[in-house]
Amino acid sequence: MKKFFSLLMAVMMMATVLAGCGDSAEKPADTKEPAQSEPQAPTAAGSELTFTTGGSSGTYFAFGSVLAGQVSSSTDSKVTAVEGKGSQGNIELMDMGGAQLGFVQSDVMSYAYEGTNLFADFGKVDCFSTVAALYMEQVQIVTCDPTIKTVADLKGKNVSVGDSGSGVFYNAVDVLGAYGLDIEKDINPTYQGFGDSAEALKDGKIDAAFVVAGAPTTAIVELSRSKPTYLVSLDDEHIDALLAKSPYYSKYVIDADVYGLESDTTTVAVGAVVIARDDVSEDDVYNFCSAVFENIDAITAVHAKGAELNLEFATSVTSVPYHPGAAKYFAEEGITVPTK
């Protein structure tokens with residue numbers, strides 16, 4: 001809830017108080033929520049849209065900036081990518097009307113839509129719809145200590161488990177739990193974003209860090225330039241146990257050449273998904289999809305993640321319905337997706 005109130009104060013400082021669009025789910029009795037105004041009317045086509053991403057050292061911001069530029073240059077919809085506080089923070093800000101588009105992890109958007117885990121206290125948020133799944137985000141356990149070879153070796157270590165407001169914390173809980181480790185009892189957790197985690201690893205203040213982002217991730221690349229850096233693999237037995245409990249993960253292998261390591265790294269991944277408020281116009285979301293999926297080569301020339309863009313993966317989300325604008329574009333490509 002601390003993150004909610006900090007975001008709320010930021011929004012209240014805006015010159016114009018934006019309308020909220022959360023659901024009417026009952027909040028805990030001791031939680032004071034701001035009065036919600038009436039939902040906003042749909043934005044007009046060609047609107048100026050704010051696209052919240054992640055910290056400057058992560059893939060969300062870098063790739064999101066490329067996508068925003070492509071949409072703005074090839075359509076009449078103007079999209080501005082801004083740094084965000086991670087998946088949870090992006091959804092909470094969108095709920096308060098502070099952004100129209102956002103990058104989120106597929107597991108976190110499901111939590112929000114269902115009002116569970118990260119959103120158990122905040123409450124269900126269903127004012128958004130899926131635009132497209134873009135690429136896989138790998139759970140990367142980074143260390144500069146060559147003696148840390150397995151997740152079990154993290155016991156008793158100082159480990160960054162992600163910035164508050166991101167989905168990284170729950171990813172860390174899940175992965176550690178698969179190995180029988182409790183995040184509060186068996187490690188010494190610190191709560192830092194990717195850039196701060198990399199600096200702490202560089203200075204020897206922590207032993208390892210969870211980074212959930214598309215590889216290669218800027219923070220890890222920069223860390224590897226200053227000192228030897230390693231990724232910790234997960235073994236098949238524990239991956240199978242994790243997937244059985246949390247099916248929104250997928251097994252993923254990071255090739256050794258991504259970071260110039262000696263061997264491949266086996267881990268798990270979740271999807272990186274763009275969502276939009278329901279009141280964003282159909283034309284604007286259609287423009288976003290068309291600008292992205294009809295300019296894959298141009299996007300790939302600027303950012304490597306463009307190579308992972310494809311219609312099959314884009315339309316694979318099942319936990320949250322698609323925005324009508326996205327559905328219209330994908331229908332033209334011969335693919336039907338569910339809408340509200």
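Within each chain, residue numbers correspond to sequence positions counted from 1 in written order. Reporting in this predicted model follows two pLDDT cut-offs: at least 70 for local features of residues, and 80 or more for side-chain atom pairs to be given and counted; totals over whole chains, interfaces and linings ignore these cut-offs and use all residues. Each side-chain value is derived from all of the structure's non-hydrogen atoms; neither hydrogens nor water enter the calculation.

1. Describing the overall build of the protein chain
Link 1 in the chain: A tally of regular secondary structure across the protein chain gives 12 helices and 10 strands.
Link 2 in the chain: Only protein chains enter the calculation, and the probe is 1.4 Å; a residue is then buried if its accessible area is under 20% of its type maximum, exposed if over 50%, and partly exposed in between. Every one of the 340 residues in the protein chain was classed for burial, and the buried ones make up 52%.
Link 3 in the chain: Contacts: residue pairs with any heavy atoms within 4.5 Å of one another. The contacts in the protein chain between residues at least 6 apart in sequence include a share of 75% that link residues at least 24 apart.
Link 4 in the chain: Residue burial considers only the protein chains on display, and all accessible areas are found by Shrake-Rupley using a 1.4 Å probe. Summing over all exposed atoms, the protein chain offers an accessible surface of approximately 14500 Å²; the carbon and sulfur share of this is 51%. Think of it this way: any DSSP run of H or I at least four residues long counts as a helix, any run of E at least two long counts as a strand, and we number them from the N terminus.

2. What about the pairing of strand S10 (residues 265-277)?
Link 1 in the chain: Counting buried positions along S10 gives 13 out of 13 residues, so the element sits mostly inside the fold.
Link 2 in the chain: As judged from the five bridges shared by strand S3 (residues 101-105) and S10, these two strands associate in the antiparallel manner. From the neighbouring strand, Gly-102 faces S10, where its bridge partner is Ile-275.
Link 3 in the chain: When DSSP locates at least two bridges between a pair of strands, those strands are taken to pair. Here strand S4 (residues 128-143) pairs with S10 via nine bridges, running antiparallel. Across the sheet, Ser-129 pairs through a bridge with Ala-276, a residue of S10.
Link 4 in the chain: As judged from the five bridges shared by strand S9 (residues 250-254) and S10, these two strands associate in the antiparallel manner. Residue Tyr-252 lies in a different strand from S10, and its bridge partner there is Thr-267.

3. Brief notes about the packing of aromatic side chains
Link 1 in the chain: Pairing of aromatic side chains here covers Phe, Tyr and the six-membered ring of Trp, requires ring centres within 6.5 Å, and sorts the geometry by plane angle: under 30 degrees stacked, over 60 edge-to-face, intermediate tilted. Enumeration according to the criterion identifies 16 aromatic pairs in this entry.
Link 2 in the chain: Pairing Phe-63 with Tyr-135 gives two aromatic rings, centres 5.8 Å apart and planes at 70°, and the pair type is edge-to-face. Residue Phe-63 is located in helix H2 (residues 59-74), and its partner Tyr-135 is located in strand S4; the two are separated by 72 residues in the primary sequence. In terms of burial, Phe-63 and Tyr-135 fall into one category: buried.
Link 3 in the chain: A connected cluster of aromatic rings, assembled from ring pairs, spans Phe-51, Tyr-60, Phe-63, Phe-103, Tyr-135 and Phe-288.
Link 4 in the chain: If you follow Lys-328 out to its NZ or CZ, it ends over the ring of Tyr-286, 5.2 Å from the centre. Geometrically, a lysine NZ or arginine CZ counts as sitting over a ring once it is within 6 Å of the ring centre and also within 35 degrees of the ring normal.

4. With respect to the packing of helix H3 (residues 87-95) against helix H4 (residues 106-114)
Link 1 in the chain: Lines are fitted to the C-alpha atoms to define the axes, a helix being fitted only along its stretch in contact, and any angle between axes, read from their N-to-C directions, falls within 0 to 180 degrees. Between H3 and H4, whose axes approach to 9 Å, the crossing angle comes to 40°. Comparing the axis directions of H3 and H4 gives the class oblique. The handedness of the crossing between H3 and H4 comes out as right-handed. For the pair H3 and H4, the contacting residues are Ser-87, Gln-88 and Ile-91 in the first and Val-108, Met-109 and Ala-112 in the second.
Link 2 in the chain: Polar here means any residue outside two lists: the nonpolar Ala, Val, Leu, Ile, Met, Phe, Trp, Tyr, Cys and Pro, and the charged Asp, Glu, Lys and Arg; Gly therefore counts as polar. Here the contact of H3 with H4 is composed, by residue class, of four nonpolar, two polar and no charged. Orientation labels follow simple angle bins: below 35 degrees gives roughly parallel, above 145 gives roughly antiparallel, 65 to 115 gives roughly perpendicular, and whatever is left gives oblique. By definition, any crossing whose near helix is turned counterclockwise from its far helix by less than a right angle is left-handed, and any crossing with a clockwise turn is right-handed.

5. Describing the nonpolar core
Link 1 in the chain: Throughout, nonpolar core names a set of buried Ala, Val, Leu, Ile, Met, Phe, Trp, Tyr and Cys residues whose side chains join them through atoms within 4.5 Å. Of all hydrophobic cores here, the largest spans 55 residues; its most connected members are Ile-91, Phe-103, Phe-128, Leu-134, Phe-293 and Phe-330.
Link 2 in the chain: Here this core takes seven residues from helix H9 (residues 282-293), the largest share from any one element.
Link 3 in the chain: Sequence-distant contacts of Phe-293, that is, excluding residues within four places in its chain, are made with Ala-132, Leu-134, Leu-309, Asn-310, Leu-311, Ala-314, Tyr-329 and Phe-330.
Link 4 in the chain: Within the second largest apolar cluster, 42 residues are counted, among which are Phe-194, Ala-198, Ala-200 and Tyr-249.

6. A closer look at the side chain of Ser-129
Link 1 in the chain: Here Ser-129 is to be found in strand S4.
Link 2 in the chain: When its relative accessible area of 2% is taken as the criterion, Ser-129 is described as buried.
Link 3 in the chain: Apart from residues no more than four positions distant in its own chain, Ser-129 is found in contact with Ile-275, Ala-276, Asp-278, Val-320, Pro-321, Tyr-322, His-323 and Lys-340.

7. Some thoughts on the pattern of salt bridges
Link 1 in the chain: Think of a salt bridge as a Lys or Arg side-chain nitrogen and an Asp or Glu carboxyl oxygen that are within 4 Å of each other. Enumeration over the complete set of coordinates arrives at four salt bridges.
Link 2 in the chain: Lys-340 serves as the salt-bridge partner of Asp-278, at 2.7 Å between the closest nitrogen and oxygen. Here the residue Asp-278 occupies a position in the loop between S10 and H9, and Lys-340 occupies one in the segment after helix H12 (324-332), the gap between them amounting to 62 residues.

8. Some remarks on the pairing of S3
Link 1 in the chain: Along S3, five of the five residues are buried, which leaves the element largely enclosed by surrounding structure.
Link 2 in the chain: Taking every second residue as pointing to the same face, both faces of S3 are buried, with Leu-101, Phe-103 and Gln-105 on one and Gly-102 and Val-104 on the other.
Link 3 in the chain: In terms of strand pairing, strand S1 (residues 48-52) meets S3 through two bridges, oriented parallel. Among the inter-strand pairings, Thr-52 is bridged to a residue of S3, identified as Gly-102.

9. Here's the deal with a negative patch on the surface
Link 1 in the chain: Patch membership is restricted to residues that have no salt bridge and whose relative accessible area is over 30%. Joining uses 9 Å for like charges and 5 Å for the nonpolar side chains Val, Leu, Ile, Met, Phe, Trp and Tyr. Only four residue types enter the charge count: Lys and Arg as positive, Asp and Glu as negative, with His and the chain ends excluded. Note that the charge is assigned to NZ on lysines, CZ on arginines, CG on aspartates and CD on glutamates. Where like charges cluster on the molecular surface, the negative patch consists of Asp-196, Glu-199, Asp-203 and Glu-222.
Link 2 in the chain: Mapped onto the elements of the fold, Asp-196 is located in helix H6 (residues 194-202).

10. Section: the packing of H9 against H12
Link 1 in the chain: Relative orientation of the contacting elements H9 and H12 amounts to 45°, with a least axis distance of 7 Å. Taken together, the axes of H9 and H12 are oblique relative to one another. In this structure, H9 crosses over H12, and the sense of that crossing is right-handed. Counted together, Glu-282, Asp-283, Val-285, Tyr-286, Cys-289, Ser-290 and Phe-293 of H9 and Pro-324, Gly-325, Ala-326, Lys-328, Tyr-329, Phe-330 and Glu-332 of H12 form the full contact between these two elements.
Link 2 in the chain: The residue inventory of the contact of H9 with H12, partitioned by class, reads eight nonpolar, two polar and four charged.

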